[in-house]
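# Structural description and commentary
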Amino acid sequence: MQSHPLTQNPWSIPTDPELGLIPLAPLHHIDRARNAIETIARMVGNSAAEPDATGAQPLDAWTVASLMGGVECLCEHLGVLTETMLEQARALDAAAEPGAAQHAAPAVIQ
């Protein structure tokens, strides 16, 4: 089957394996950062709609700029976590022997 640019996954990297082992702690940090970004987006969005919705004053420009700076810092944090997880997965993949078991299951079911 021929591939077409519109059907290819733009996020896949052909040199990286599809599966790898990583610790779960960074995934929890990513989820917390996602929740923080979602909360900040909701605050800024609600502020933009505030005058029409309730008549209250929206957030001032300094507050919005500070919140957006927080989102930028969270995105940097996500980038660092992602790089760390990719390095750990690549290191484990490079250390594994070809054809060797990746777990302690009996050889019959591997």
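Structure shown above.
Below or above, wherever it landed, is the structure these notes cover. (Residues numbered from 1 in each chain as written. Predicted model: local features only at pLDDT ≥ 70, side-chain atom pairs only at ≥ 80, totals over all residues. Heavy atoms only, no water.)

## As for helix H1 (residues 25–53)
- Given a rise of 1.5 Å per residue, 29 residues ought to cover 42 Å, and the 40 Å separating the end C-alpha atoms of H1 matches this to within 8%.
- Maximal helix bending in H1 amounts to about 35 degrees, located at Ser 47; proline Pro 51 follows within four positions.
- Within the sequence span of H1, burial applies to Pro 26, Ala 33, Ile 40, Val 44 and Ser 47. (Helix = DSSP H or I, 4+ residues; strand = E, 2+ residues; numbered from the N terminus. Expected span 1.5 Å × (residues − 1). Bend = angle between axes of the 7 residues up to and from the residue. Buried < 20%, exposed > 50% of the residue type's maximum accessible area, 1.4 Å probe, protein only.)

## A closer look at the pattern of salt bridges
- The full count for this structure, using the stated rule, is 2 salt bridges.
- The salt bridge involving Arg 34 is made with Asp 31; its shortest N-O contact spans 3.1 Å. With Arg 34 and Asp 31 both in helix H1 and 3 residues apart, this pair spans about one turn of that helix.
- The partner of Glu 38 in a salt bridge is Arg 34, with the nearest N and O atoms 3.5 Å apart. (Salt bridge = Lys/Arg side-chain N within 4 Å of Asp/Glu carboxyl O.)

## Re a negative patch on the surface
- A surface patch of negative charge is lined by Glu 72, Glu 76, Glu 83 and Glu 87.
- With respect to the secondary-structure elements, Glu 83 resides in helix H2 (residues 61–95).
- By relative accessible area, Glu 83 is classed as exposed at 51%. (Patch = residues over 30% accessible without salt bridge, like charges linked within 9 Å, V, L, I, M, F, W, Y side chains within 5 Å. Areas by Shrake-Rupley, 256 points an atom, 1.4 Å probe, with all protein chains shown as cover. Lys, Arg positive; Asp, Glu negative; His and termini not counted. Charge placed at Lys NZ, Arg CZ, Asp CG, Glu CD.)

## Notes on the nonpolar core
- Within the largest apolar cluster, 6 residues are counted, these being Ala 33, Ile 40, Val 44, Leu 67, Val 71 and Leu 74.
- Elements that contribute at least two residues to this core include exactly H1 and H2.
- Discounting residues that sit within four places of it in the chain, Leu 74 has contacts with Ala 33, Ala 36, Ile 37 and Ile 40. (Core = buried A, V, L, I, M, F, W, Y, C linked by side-chain atoms within 4.5 Å. Contact = heavy atoms within 4.5 Å.)

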